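Survey of secondary and tertiary structure
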Amino acid sequence: MLRANQANWDARTPVHVASDFYGLDGSRTADDWFAPFEWDDLGPLEGRDVLHLQCHLGTETQAFAERGAAHTVGLDFSGAAVAQARRLAADAGRDIEFVQADVHRAAEALDGRRFDVVYTGKGALCYLPDLSRWAQVIAGLLRPGGTLYVVEFHPLLNSLGAVPDPDRAPGDEQLLLAHDYLAGRGAIRSDTPYTYTDGPPVEGATTSYEWRHGLGETVGAVIGAGLTVDLLRETDLLPWKRFAAMEQADNGWWRLPPRQPHVPLMFALRATRR
């Protein structure tokens, strides 16, 4: 299933590179992909070595270099995505190292190097079958005193489905629980030629697998790996318009309108290796 996911992300890459969603023509900056609270949570990056796991095109990875990280590394299992990430960073004049590897083999791929900050999320954890193993890998990648920072789509968001509501205005859908919140039923198989961006259908490998992970499972995996959780926040913001009724916030991100339930759509978790 992981090999199928790798092939699928290789196939997605050219669609994503050409999409308006990623704005690689200059319409979006690296900073656009971050909520304001992320930089407050991370603190100054000057002099710190940063590792971005499951970095895809490196659109977020570039922001760490821009903010003065001593050395920035992006890691992803898709060879096609890593090739594009290297090209985009070079075009932007950013000195960033990109490594192709499965996140479970990150320590080996990085030759045992350790980092001050490990960052990951925004659609990463759902592609991992075992968060306990993932957290153990991250613990081994951190220096003593190092920080893991996860910013991820909330499992409640992944459980919601939009249903047309005849009693509401056109396009104002009702959000219902439609999918699992908790793990336990194995992988969810998807076979679709379309990805989450605009653009043409994906050519080639269209099958992918995802796993559900509740918030408790994520926190428990991090604690079980010996890391100390010192921050857990939930937010109603999303970096893209997931539902038709969403409205744009002042920072350019999106949230549900006041007439909809006020629920978390993303969460952030920070943990330290003591």
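Notes on the structure follow.

What counts and how
- Residues numbered from 1 in each chain as written.
- Predicted model: local features only at pLDDT ≥ 70, side-chain atom pairs only at ≥ 80, totals over all residues.
- Heavy atoms only, no water.
- Helix = DSSP H or I, 4+ residues; strand = E, 2+ residues; numbered from the N terminus.
- Rg over C-alpha atoms; globule rule 2.2 N^0.38 Å.
- Buried < 20%, exposed > 50% of the residue type's maximum accessible area, 1.4 Å probe, protein only.
- Contact = heavy atoms within 4.5 Å.
- Areas by Shrake-Rupley, 256 points an atom, 1.4 Å probe, with all protein chains shown as cover.
- Lys, Arg positive; Asp, Glu negative; His and termini not counted.
- Charge placed at Lys NZ, Arg CZ, Asp CG, Glu CD.
- Polar contact = N/O pair within 3.5 Å; in protein donor to acceptor, adjacent residues only side chain to side chain.
- Axes fitted to C-alpha atoms, helices over the stretch in contact; angles between N-to-C directions.
- Parallel < 35°, antiparallel > 145°, perpendicular 65-115°, else oblique.
- Left-handed = near helix turned anticlockwise from the far one by under 90°.
- Nonpolar A, V, L, I, M, F, W, Y, C, P; charged D, E, K, R; others polar.
- Pairing = 2+ DSSP bridges.
- Right-handed = clockwise from strand over helix to strand, strands pointing away.
- Salt bridge = Lys/Arg side-chain N within 4 Å of Asp/Glu carboxyl O.
- Arc of directions from axis to C-beta.

The number of helices and strands found in the protein chain is eight helices and 13 strands. Against the compact-globule benchmark of 19 Å for 274 residues, the protein chain has a radius of gyration of 18 Å, which places it among compact chains. Dimensions of the protein chain, computed from the C-alpha atoms along their principal axes, are close to 55 × 40 × 40 Å. For the protein chain, the proportion of its 274 residues judged to be buried stands at 52%. The contacts of the protein chain with a sequence gap of at least 6 include a subset with a gap of at least 24, amounting to 71%. When the accessible area of the protein chain is evaluated, it comes to approximately 12,400 Å², of which 49% is carbon and sulfur surface. Across the protein chain, the centroid of the 26 positively charged side chains sits 4 Å from that of the 37 negatively charged ones.

Of note, His56 is situated in the loop between strand S1 (49-53) and helix H3 (61-66). Within polar-contact distance, the side chain of His56 engages the side chain of His16 at 2.8 Å. Ignoring anything within four residues of it in the chain, the contact list for His56 reads Trp9, Thr13, His16, Tyr22, Asp76, Ala81, Val82, Ala85 and Tyr196.

So, about the packing of helix H6 (residues 131-141) against helix H8 (residues 215-224). Between H6 and H8, whose axes approach to 8 Å, the crossing angle comes to 40°. Judged by the angle between their axes, H6 and H8 are oblique. Judged by the twist between their axes, the crossing of H6 over H8 is right-handed. In contact with Leu131, Ser132, Trp134, Ala135 and Gln136 of H6, H8 contributes Glu217, Thr218, Ala221, Val222 and Gly224. For the contact of H6 with H8, the class distribution of residues is five nonpolar, four polar and one charged.

What follows deals with the pairing of S1. For S1, the buried fraction is high: five of the five residues fall into the buried class. Residues Asp49, Leu51 and Leu53 of S1 are buried on one face, and the alternating residues Val50 and His52, pointing to the opposite face, are buried as well. In this structure, S1 lies alongside strand S2 (residues 71-76), joined through five bridges in parallel fashion. Among the inter-strand pairings, Asp49 is bridged to a residue of S2, identified as His71. Running through H3, the crossover from S1 to the neighbouring parallel element S2 is right-handed. Pairing between S1 and strand S4 (residues 115-121): three bridges, direction parallel. Paired with His52 across the strands is Tyr119, a residue of S4.

So, about the pairing of S2. Counting buried residues along S2, five of its six residues qualify, which places the element largely inside the surrounding structure. Across five bridges, S2 lies against strand S3 (residues 96-100) in parallel orientation. The residue bridging Val73 from the neighbouring strand is Glu97, located in S3. As a crossover connection, the stretch from S2 through helix H4 (residues 79-91) into S3 is right-handed.

So, about the pattern of salt bridges. For the coordinates displayed, the defined rule picks out 13 salt bridges. Between Asp49 and Arg143 there is a salt bridge, with its nearest N and O atoms 2.9 Å apart. Residue Asp49 is found in strand S1, and its partner Arg143 is found in strand S5 (residues 142-153); the two are separated by 94 residues along the sequence. On the accessibility criterion, Arg143 (30% relative accessible area) is partly exposed. Among the ionic pairs, Arg185 bridges to Asp180, the shortest N-O distance being 3.0 Å.

Let us now look at H8. For H8, every residue scored as buried is listed here: Leu215, Thr218, Val219, Ala221 and Val222. Buried residues of H8, seen end-on, are gathered within an arc of 160° and therefore sit on one face of the element. When the buried face of H8 is taken as reference, the exposed residues oriented beyond 90 degrees from it are Gly216 and Gly224. Packing partners of the buried residues in H8 comprise H6, S5, helix H7 (155-159), strand S10 (228-235) and strand S13 (266-272). Looking at the residues trailing H8, positive phi occurs at Gly226, about 90°.

At His56, a residue that is not glycine, the phi angle is positive and equals roughly 55°. Of the residues examined, His56 reaches a relative accessible area of 8% and is grouped as buried. Located in the positive-phi region is Asp111, a residue other than glycine, with phi close to 55°. Its location among the elements puts Asp111 in the loop between helix H5 (106-109) and S4. What makes Asp111 exposed here is its relative accessible area of 68%.

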